Amino acid sequence: MIAPSVLAADYARLGEHVREAEEAGARWFQLDVMDGRFVPNLAAGLPVAKALRASTEAFIDAHLMVHEPGRFLAAFADAGADLITIHQEASLHLHRDLVEIRQLGCRSGVAINPATPAETIGEVLHLVDLVLVMTVNPGFGGQRFIESALPKLDRVRDMAEARGLAGLRLQVDGGVDVETAPRAAEAGADVLIAGSAVFRGTGSVAQNFRALEASVATHV
Ligand code: DX5
């Protein structure tokens, strides 16, 4: 599945951009939340989360690139997130935070940066619905895809299967375009986040989204 990241959308026309992607078939949108501490950038607080929720009934995935994310879980659940993903590197109490996300009625996700080994999340795989393997160092859109992150998808899948966790979703995020998307799908990713390739590509939002979908059609 291709899921647009609205970080690259035109915030002055957020609703319109989301509708264009939805009309082209998008069913899942990622909201990148950045605190200027865990990552060297600021992006999308609760007002943007609420604006996104108000503009679509599609699935909203809040990717919190936030230091000590436990402080904001209830607020993003209230703002309408369906899934909340937090970083293994940012949470002091990862087990507690992931349990809380599910207690808030949301799906839970854990993200690992390119330098973070897959094995660091082995103890919490039973607490998550999704694992996000970052294919860029988080903080900015439009970066180059880090190919060396892909083998981690297999390792996460193996760890999950060893624990009988068949339904776990694997996501990649960063540098996904019509060249890299097929490689990520081939490596085992089921949800591919794309920002610039959807909202800043050469065609319209709809054309860009469909081109990405076509690039992974053989893996669906
Ligand atoms: C980066 C974010 C990504 C980013 C993707 O830290 O997590 O979601 O917006 O943008 P592209 O697809 O442009 O790399």
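Higher on the page you've got the structure.
What comes next is a walk through the structure. Residue positions are given per chain, counting from 1 as you read along its sequence in written order. Local features in this predicted model are restricted to residues whose pLDDT is 70 or higher, and side-chain atom pairs enter the listing and the counts only when it is 80 or higher, whereas totals over whole chains, interfaces and linings include all residues. The side-chain figures draw on all heavy atoms in the structure; neither hydrogens nor water molecules are used.

1. Some words on helix H2 (residues 46-55)
Side chains that are three or four residues apart share a direction in an α-helix, a result of its 3.6 residues per turn.
Line of reasoning, step 1. Restricting attention to buried positions, one finds in H2 the residues Val48, Ala49, Leu52 and Ser55. The arc that holds the buried residues of H2, viewed along the axis, is 130°, so those residues lie on one side. Pointing more than 90 degrees away from the buried face of H2 are the exposed residues Pro47 and Ala54.
Line of reasoning, step 2. Next to the buried residues of H2 lie helix H1 (14-23), strand S2 (28-35), strand S4 (59-65) and helix H3 (73-78). Only protein chains enter the area calculation, which uses a 1.4 Å probe; residues under 20% of their type maximum are buried, those over 50% are exposed, and those in between are partly exposed. Secondary structure elements are taken from DSSP: a helix is a run of H or I of four residues or more, a strand is a run of E of two residues or more, and numbering for both begins at the N terminus. Working definition: the arc comes from the directions between the helix axis and the C-beta atoms, pointing outward to the latter. Contacts are assigned to residue pairs with any non-hydrogen atoms lying within 4.5 Å of each other.

2. Here we look at the packing of H1 against helix H8 (residues 205-215)
Line of reasoning, step 1. The convention used is that axes are lines fitted to C-alpha atoms, helices contributing only their stretch in contact, and that angles between N-to-C directions extend from 0 to 180 degrees. In contact at an axis separation of 8 Å, H1 and H8 are set at 45° when each is read in the N-to-C sense. By the angle between their directions, the pair H1 and H8 is classed as oblique. Once H1 is placed against H8, the crossing between them reads as right-handed. Contacts between H1 and H8 pair His17, Glu20, Ala21 and Glu23 from the former with Val205, Ala206, Phe209 and Arg210 from the latter.
Line of reasoning, step 2. Throughout, the ten residues Ala, Val, Leu, Ile, Met, Phe, Trp, Tyr, Cys and Pro are labelled nonpolar, Asp, Glu, Lys and Arg are labelled charged, and all others, Gly among them, are labelled polar. Class assignment for the residues of the contact of H1 with H8 results in four nonpolar, one polar and three charged. When describing relative orientation, an angle under 35 degrees is termed roughly parallel and one over 145 degrees roughly antiparallel, while 65 to 115 degrees is termed roughly perpendicular and anything else oblique. For any helix crossing, the convention is left-handed if the near helix is rotated counterclockwise from the far helix by under a right angle, and right-handed if that rotation is clockwise.

3. Some details on the pairing of strand S9 (residues 191-194)
Line of reasoning, step 1. Here S9 shows a buried face lined by Val191 and Ile193 and a second buried face lined by Leu192 and Ala194.
Line of reasoning, step 2. Two strands make a pair as long as DSSP finds a minimum of two bridges between them. Sheet analysis places strand S1 (residues 2-4) next to S9, joined by three bridges and oriented parallel. Counted as the bridge partner of Ile2 is Leu192 from S9.
Line of reasoning, step 3. Sheet topology places strand S8 (residues 169-173) next to S9; three bridges connect them, and they run parallel. Bridge pairing in S9 links Asp173 to Ile193.
Line of reasoning, step 4. Crossovers are described as right-handed under a simple rule: with the strands pointing away from the observer, the path leading from the first strand over the helix to the second runs clockwise. Regarding topology, helix H6 (residues 180-186) serves as the crossover connection from S8 to the parallel S9, and that connection is right-handed.

4. Thoughts on the pairing of strand S5 (residues 83-87)
Line of reasoning, step 1. Most of S5 is tucked away: five of the five residues are buried.
Line of reasoning, step 2. Of the two faces of S5, the one lined by Leu83, Thr85 and His87 and the one lined by Ile84 and Ile86 are each fully buried.
Line of reasoning, step 3. As paired strands, S4 and S5 are joined by four bridges and run parallel to one another. Residue pairing across strands places Leu64 opposite Ile86, the latter belonging to S5.
Line of reasoning, step 4. For the crossover that starts at S4, traverses H3 and ends in the parallel S5, the hand is right-handed.
Line of reasoning, step 5. Direction of pairing for S5 relative to strand S6 (residues 107-112): parallel, over a ladder of five bridges. Counterpart to Ile84 in the pairing with S6 is Ser108.

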